[in-house]
Protein chains: 2
Amino acid sequence: MNIGDAAKASGLPSKTIRYYEDIGLLVPPRTANGYRDFGPREINILTFLARARALGFTIEECRALLALWQDTDRSSADVRRIAQTHLEEIDRKIADLRDMRATLAHLVHCCAGDDRPDCPILDSLARGDPAG
Amino acid sequence: MNIGDAAKASGLPSKTIRYYEDIGLLVPPRTANGYRDFGPREINILTFLARARALGFTIEECRALLALWQDTDRSSADVRRIAQTHLEEIDRKIADLRDMRATLAHLVHCCAGDDRPDCPILDSLARGDPAG
DNA sequence: CTTGACCTTCCAGTGACTGGAAGGACTATC
DNA sequence: GATAGTCCTTCCAGTCACTGGAAGGTCAAG
């Protein structure tokens, strides 16, 4: 299977697949003409990576998860620890975004949004109060 | 005022302030020895930028907001439009993170996290089901 | 006169790709 | 066998918003 078909099968762009090889996440064999040759094993890895990335795991977390996946002597505790840490990171990001959202929504709400220059959004950015 | 004091006054690292000058967000004058010289006007700009960045606006959005702030003939509608667009972006991000969080929390919950290899997290990444 | 803390510029690296150029390989058609 | 078009290859550069570090100039204190 060529890289284009592997891309379709995994949902990852060809560019990304080459990049993943570059950074050592997989090593697809090559055919006589130098083309990468993706078999079921490689497609599995790519699909695994696509799903892990979709859950927001970093590349290094993906690398660790992949290693655990391929290690039949793993402890599920190791997997869970990575996922738990990532979950906490996600919670932190959500909290940050919610704070931003609250402030911003309030400012947008307070702004007339007409052709006059008075603007509580700019006032708040300039003065630091939450508008009001 | 030297860059170190401007950093303290604005809450931005000196490195970031130099970077902001590099990309044309402000042009602090220089003293005879070549040091940047920050006055109230520059500190205002830096503080404005720090707050806008803290609300998650991109640098280009900050540039636009700064221009509007400095334009006394602006329409508040232009400011509001930028903020509204950014608010929608934040909502999209929160939604994405919440989806991730839901899936991940479920997987973490299902994983025993002990010294055995069986792991619904890896199973889900490998097979694509949401575990169960 | 030296020490140490500041300042300067410039270059390189981060994370995770993405775009594009230059060129080789394969397939189909004439 | 020539040609066209689509694939594949590698390599280099760019993205975003900084951040780290090297090499060197400046300044105030002792």
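Worth saying up front: this structure is predicted, and the values here are computed from it rather than measured. (Residues numbered from 1 in each chain as written. Chains lettered and ligands numbered in written order. Predicted model: local features only at pLDDT ≥ 70, side-chain atom pairs only at ≥ 80, totals over all residues.)

### Concerning the overall build of chain A
Next up, step 1: In terms of helices and strands, chain A carries 6 helices and 0 strands.
Next up, step 2: Going from the N terminus to the C terminus, chain A shows its helices and strands as α-α-α-α-α-α.
Next up, step 3: The C-alpha radius of gyration of chain A comes to 23 Å, more than 25% above the 14 Å expected for a compact globule of 132 residues.
Next up, step 4: Every one of the 132 residues in chain A was classed for burial, and the buried ones make up 27%.
Next up, step 5: If you take every contact in chain A between residues at least 6 apart in sequence, the share linking residues at least 24 apart comes to 41%. (Helix = DSSP H or I, 4+ residues; strand = E, 2+ residues; numbered from the N terminus. Rg over C-alpha atoms; globule rule 2.2 N^0.38 Å. Buried ≥ 20, exposed ≤ 12 C-beta atoms within 10 Å, placed from the backbone. Contact = placed C-beta atoms within 7 Å.)

### Some thoughts on the interface of chain A and chain B
Next up, step 1: Taken together, the contact between chain A and chain B spans 48 residues of the former and 48 residues of the latter.
Next up, step 2: For the side of chain A that touches chain B, the elements supplying multiple residues, two or more each, are α3 (40–54), α4 (59–70), α5 (76–110) and α6 (120–127) of chain A.
Next up, step 3: Top contributing element to the side of chain A that touches chain B by residue count: α5 of chain A, with 21 residues.
Next up, step 4: Grouping the amino acids of the side of chain A that touches chain B by side-chain chemistry returns 26 nonpolar, 10 polar and 12 charged. (Nonpolar A, V, L, I, M, F, W, Y, C, P; charged D, E, K, R; others polar.)

### Observations concerning the protein's contact with DNA strand D
Next up, step 1: Not every one of the 17 residues close to DNA strand D is listed here, only the nearest: Asn2 and Gly4 of chain A together with Asn33, Thr58 and Ile59 of chain B.
Next up, step 2: Of all elements in the fold, only α1 (3–10) and α2 (14–22) of chain A together with α2 (14–22) and α4 (59–70) of chain B reach the threshold of two or more residues within the surface near DNA strand D.
Next up, step 3: When residues of the surface near DNA strand D are assigned to their parent elements, the largest contribution, 3 residues, is made by α2 of chain B.
Next up, step 4: Grouping the amino acids of the surface near DNA strand D by side-chain chemistry returns 5 nonpolar, 7 polar and 5 charged. (Near = placed C-beta within 6 Å.)

### Details of the UniProt feature "domain: HTH merR-type" (unreviewed entry) in chain A
Next up, step 1: Per the UniProt record, the feature "domain: HTH merR-type" (unreviewed entry) sits at residues 1–68 of chain A.
Next up, step 2: Secondary structure content for residues 1–68 of chain A is 62% helix and 0% strand, while the C-alpha to C-alpha distance between its ends is 26 Å. (UniProt positions renumbered as here; feature names shortened; annotations may be inferred.)

### What about the relation of the copies chain A and chain B?
Next up, step 1: You can overlay chain A on chain B at an RMSD of 0.0 Å; the transform is a turn of 180° with a shift of 0.0 Å along its axis. Both copies of the chain, as the preceding transformation shows, are related through a two-fold rotation axis. Using C-alpha coordinates, one finds that chain A approaches the rotation axis most closely at Ile94 of chain A, a distance of 3.0 Å.
Next up, step 2: Looking at the interface residues of chain A, 100% of them are also at the interface in chain B, so both copies use one shared face. (Least-squares fit on C-alpha atoms with pLDDT ≥ 70 in both.)

### Brief notes about the nonpolar core
Soluble globular proteins tend to bury their nonpolar side chains together.
Next up, step 1: By size, the foremost hydrophobic cluster in this structure holds 27 residues, and its most contacted members are Ile121 and Leu122 of chain A together with Leu49, Ala52, Leu65, Val79 and Ala83 of chain B.
Next up, step 2: By residue number, the principal contributor to this core is helix α3 (residues 40–54) of chain B, which donates 5 residues.
Next up, step 3: With sequence-adjacent residues up to four places away left out, Leu49 of chain B is seen in contact with Tyr20, Leu25 and Cys62 of chain B. (Core = buried A, V, L, I, M, F, W, Y, C linked by C-beta atoms within 7 Å.)

### Quick word on the protein's contact with DNA strand C
Next up, step 1: Neighbouring DNA strand C are 17 residues, the closest being Asn33, Thr58 and Ile59 of chain A together with Asn2 and Gly4 of chain B.
Next up, step 2: Counting residues per element, the surface near DNA strand C draws most heavily on α2 of chain A, which supplies 3 residues.
Next up, step 3: Of the residues contributing to the surface near DNA strand C, the split by class is 5 nonpolar, 7 polar and 5 charged.

### Let's talk about the domain arrangement of chain A
A common measure of how large an interface is: the accessible area buried when the components associate.
Residues and elements named next belong to chain A.
Next up, step 1: Per the domain assignment, the segments of chain A are domain 1 (1–73) and domain 2 (75–132).
Next up, step 2: Relative placement of domain 1 and domain 2: their C-alpha centres are 35 Å apart.
Next up, step 3: Counting residues at the interface gives 6 residues for domain 1 and 5 residues for domain 2.
Next up, step 4: Considered class by class, the residues forming the side of domain 1 that touches domain 2 number 4 nonpolar, 1 polar and 1 charged. (Domains from an automatic or database assignment.)

### Looking at the packing of α4 of chain A against α5 of chain A
Residues and elements named next belong to chain A.
Next up, step 1: Where α4 contacts α5, the two axes come as close as 10 Å, and the packing angle between them is 160°. By the angle between their directions, the pair α4 and α5 is classed as roughly antiparallel. Pair α4 / α5 crosses with left-handed handedness. Contacts from Glu61, Ala64, Leu65 and Leu68 in α4 reach Asp78, Val79, Ile82 and His86 in α5.
Next up, step 2: Per-class residue counts for the contact of α4 with α5 are 5 nonpolar, 1 polar and 2 charged. (Axes fitted to C-alpha atoms, helices over the stretch in contact; angles between N-to-C directions. Parallel < 35°, antiparallel > 145°, perpendicular 65-115°, else oblique. Left-handed = near helix turned anticlockwise from the far one by under 90°.)

### Comments concerning helix α1 (residues 3–10) of chain B
All names here are of chain B.
Next up, step 1: Those residues of α1 that fall on the buried side of the exposure criterion are Ile3, Ala6 and Ser10. In an axial view of α1, the angular spread of the buried residues amounts to 55°, which keeps them on one side of the axis. Opposite the buried face of α1, by more than 90 degrees, sit the exposed residues Gly4, Asp5 and Lys8.
Next up, step 2: Where α1 is buried, its residues touch α2 and α3. (Arc of directions from axis to C-beta.)

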